[in-house]
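Residues per chain, in single letters:
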Amino acid sequence: MTELVEHRRRYPVERVPESSLHAVFRASRRWTDTHGREANALHVGEPAFAMPPAAVEAMRRALLDGRCAYTSAEGMPELREALVAKLAAQGVGTTADHVFVTPGSCQGLSAVGAAVHTPGAAWLIPRVHWPIYRQQGVLNGYDVAGYPLGPGYALDVAAVARTATPATRVIVVNSPANPTGAVADPDALRELLALATERDWLVVSDEAYEDFVYEGGHPPLAALEADVEPARRRVFSAFTFSKGYAMTGCRVGYIVAPNDEFAGLLRRVQEGSIIAPPTPAQIGALAALGDGDAVRANVAAVRGSRDAAMGALVEAGLIAGPPAGGWYALLDIASSGHTATEFADRLLAEYGVAVAPAAAFTVPGDPSTRTVVRISFAGDRTRLLEGTEALLRACRTWGGERAAGRA
Ligand code: PMP
């Protein structure tokens, strides 16, 4: 018996951090069951809009026509060629043999981590990050470290340089960022690429929210190495159909590998882990790709919700300004007199509104997010406004109670 326990403790996967975000999901579901109506789920990143009708129709046809056989590990050639054209329009010169369609970009990111892992390597991620980066780093056998961000959660290349160690092998960059909503400045990205080149790091650029940039455009990071000869390129890019096309459950994303060598490594991982991405979803993605209007409408909807919700939150001092990109905002609820976890528990219990404490998105013991929670503004606008109104009322009421208690 003892022996078994000792044995089980040796699984490295036990080091994978449990997601405290899932605790919010469970609590929100419990609230819904108890109250017989839906909790206002501001913690979830699910869009209010649906996938493009052309993609639905293409998937329906694919199923009716029995197009359900495996594709290659890299995905359907027609889709990869269409993605090459999409990327070329964004300044990323690539070829179909460097493009891998993946079951969601999440799996693609993990596969890149597995493909380039070397013993003792460190995986450097933003200190405030999408928690899956940390889990993937551990799962792939890396030492994981967080690099500090600058004011407004901006990419601060000097801080990256200070945090890196000789073991650093891969750096993850995420712009527009989840959960911060920050969009990296192109000059900072150029500096980062120069640092990565100097120190011989690989760069993983997660651009899941590429369409959701509210001021200016989104030049993909890989476009910055257009003039570098392919053998010396170092940027892996991750994109997805989940956000701009609202195809979250279809599970289609793609990775662009920098050159033949890295594409070869990634192919081995994909052959050994997925066989192929799902065929009907790829057919749907190809149809979606032709529907630029859908993306523009979806971006306009999220921007409108952001603008409708942020004014009052900025005015109350919970956030400095509207997020420049993505679907999320980090709010500092210190005025409520609670920590983020206490606040989230009480907001759900008393107002039926679920928010995620930012501890779920940072390294253990990071004091900077003690009173910070994340909300998504991509969901239903009416619910968003009801939720943010309740959140502001809670801050005022509980902050007032605390002040009265002290007086
Ligand atoms: N990157 C970021 C920053 C995300 O927020 C998400 C989804 N929450 C993903 C990648 C993964 O999306 P998918 O696997 O659906 O492509």
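### A look at the nonpolar core
- Grouped together as the largest cluster of nonpolar side chains are 85 residues, with contacts concentrated most on Phe241, Phe343, Val355 and Leu391.
- The element best represented in this core is helix α13 (residues 381-406), accounting for 7 residues.
- Taken together, domain 1 (17-46 + 293-395) and domain 2 (53-290) each give at least three residues to this core, which thus spans both.
- Beyond its immediate sequence surroundings of up to four residues, Phe241 is in contact with Leu79, Leu83, Ala246, Met247, Val252, Gly253, Tyr254, Ala285, Ala288 and Leu289.
- Membership of the second largest hydrophobic core comes to 23 residues, among which are Val172, Val204, Ala263 and Leu266.

### Some details on the sheet that holds strand β5 (residues 168-174)
- Pairing is mixed across the open sheet formed by 7 strands, whose spatial order is β2-β8-β7-β6-β5-β3-β4. Here the strands that pair on one side only, and so sit at the sheet edges, are β2 (99-102) and β4 (143-147). For this sheet, the mean angle separating the axes of adjacent strands, direction not counted, is 20°.
- Sheet topology places β2 next to strand β8 (residues 253-256); 4 bridges connect them, and they run antiparallel. For Val99, the partnering residue across the bridge sits in β8 and is Val256.
- Along the sheet, helix α4 (residues 77-89) makes contact with β2, β7 (235-240) and β8, crossing β2 at roughly 115°.

### A look at the domain arrangement of the chain
- If you check the domain split of the chain, you get domain 1 (17-46 + 293-395) and domain 2 (53-290).
- In this structure, domain 1 and domain 2 have C-alpha centres spaced 26 Å apart.
- Of the residues lining the interface, 27 residues belong to domain 1; the matching set on domain 2 comes to 26 residues.
- Between domain 1 and domain 2 the total buried area reaches about 2,500 Å² when both faces are included, carbon and sulfur atoms providing 61% of it.
- When the buried surface of domain 1 facing domain 2 is broken down by residue, Pro17, Trp327 and Phe361 rank first, second and third, together holding 23% of it.
- The interface formed by domain 1 and domain 2 includes 1 salt bridge.
- Glu215 serves as the salt-bridge partner of Arg306, at 3.9 Å between the closest nitrogen and oxygen.

### Quick look at the packing of helix α5 (residues 104-115) against helix α9 (residues 260-273)
- The geometry of α5 relative to α9 is characterised by a closest axis approach of 9 Å and an angle of 120° between their N-to-C directions. One element, α5, and the other, α9, form an angle in the oblique class. The element α5 and its partner α9 pack so that their crossing is right-handed. The residues of α9 that touch α5, namely those facing Gln107, Ala111, Val112, Ala114 and Ala115, are Leu265, Leu266, Val269, Gln270 and Ser273.
- Grouping the amino acids of the contact of α5 with α9 by side-chain chemistry returns 7 nonpolar, 3 polar and no charged.

### Concerning the site of the ligand
- Close contacts around the ligand come from 14 residues, with Ser105, Asp206, Thr240, Ser242 and Arg251 the closest.
- Arg251 places a side-chain nitrogen or oxygen 2.7 Å from an oxygen atom of the ligand.
- Isolated, the ligand exposes 400 Å² of accessible area, and the fraction of that covered by the protein chains is 91%.
- Considering each element in turn, the shell around the ligand owes the most residues, 3 residues, to α5.
- Across the shell around the ligand, the residue classes tally to 5 nonpolar, 6 polar and 3 charged.

### As for a nonpolar patch on the surface
- Together, Tyr11, Val13 and Leu139 give the surface a local cluster of nonpolar side chains, amounting to about 310 Å² of exposed area.
- Assignment of secondary structure puts Tyr11 in the loop between α1 (2-9) and α2 (20-35).
- Overall, the relative accessible area of 45% leaves Tyr11 in the partly exposed class.

### A few points about the side chain of Asn40
- Mapped onto the elements, Asn40 comes out in strand β1 (residues 40-41).
- Residue class for Asn40 comes out buried when judged on its relative accessible area of 5%.
- Among all residues touching Asn40, those that are not within four sequence positions of it are Gly352, Val353, Ala354, Arg383, Glu386 and Gly387.

### A short note on unusual backbone geometry
- Going from Ser175 to Pro176, the amide bond is cis rather than trans, its omega being -10°.
- The omega torsion across Asn178 and Pro179 is 10°, close enough to zero to call that bond cis.
- Mapped onto the fold, Pro179 is located in the loop between β5 and α8 (186-199).
- You will see that Tyr153, though not glycine, has its phi angle at about 60°, which is positive.
- Locating Tyr153 in the fold gives a position in the loop between β4 and α7 (157-163).
- On the basis of relative accessible area, Tyr153 is assigned to the partly exposed category, the value being 26%.
- A positive phi angle, near 65°, is found at Ile275, a position not held by glycine.

### Topic: the side chain of His129
- Topologically, His129 is positioned in the loop between β3 (122-126) and α6 (132-139).
- Taking relative accessible area as the criterion, His129 reaches 1% and is therefore assigned buried.
- In terms of polar contacts, His129 uses its side chain to reach the backbone carbonyl oxygen of Pro126, at 2.7 Å.
- Among all residues touching His129, those that are not within four sequence positions of it are Arg134, Asn178, Pro179, Phe361, Thr362 and Val363.

Reading guide: rules and limits
- Residues numbered from 1 in each chain as written.
- Predicted model: local features only at pLDDT ≥ 70, side-chain atom pairs only at ≥ 80, totals over all residues.
- Heavy atoms only, no water.
- Core = buried A, V, L, I, M, F, W, Y, C linked by side-chain atoms within 4.5 Å.
- Buried < 20%, exposed > 50% of the residue type's maximum accessible area, 1.4 Å probe, protein only.
- Helix = DSSP H or I, 4+ residues; strand = E, 2+ residues; numbered from the N terminus.
- Domains from an automatic or database assignment.
- Contact = heavy atoms within 4.5 Å.
- Pairing = 2+ DSSP bridges.
- Axes fitted to C-alpha atoms, helices over the stretch in contact; angles between N-to-C directions.
- Buried area = accessible area lost by both parts, 1.4 Å probe.
- Salt bridge = Lys/Arg side-chain N within 4 Å of Asp/Glu carboxyl O.
- Parallel < 35°, antiparallel > 145°, perpendicular 65-115°, else oblique.
- Left-handed = near helix turned anticlockwise from the far one by under 90°.
- Nonpolar A, V, L, I, M, F, W, Y, C, P; charged D, E, K, R; others polar.
- Near = heavy atom within 4 Å.
- Polar contact = N/O pair within 3.5 Å; in protein donor to acceptor, adjacent residues only side chain to side chain.
- Areas by Shrake-Rupley, 256 points an atom, 1.4 Å probe, with all protein chains shown as cover.
- Patch = residues over 30% accessible without salt bridge, like charges linked within 9 Å, V, L, I, M, F, W, Y side chains within 5 Å.

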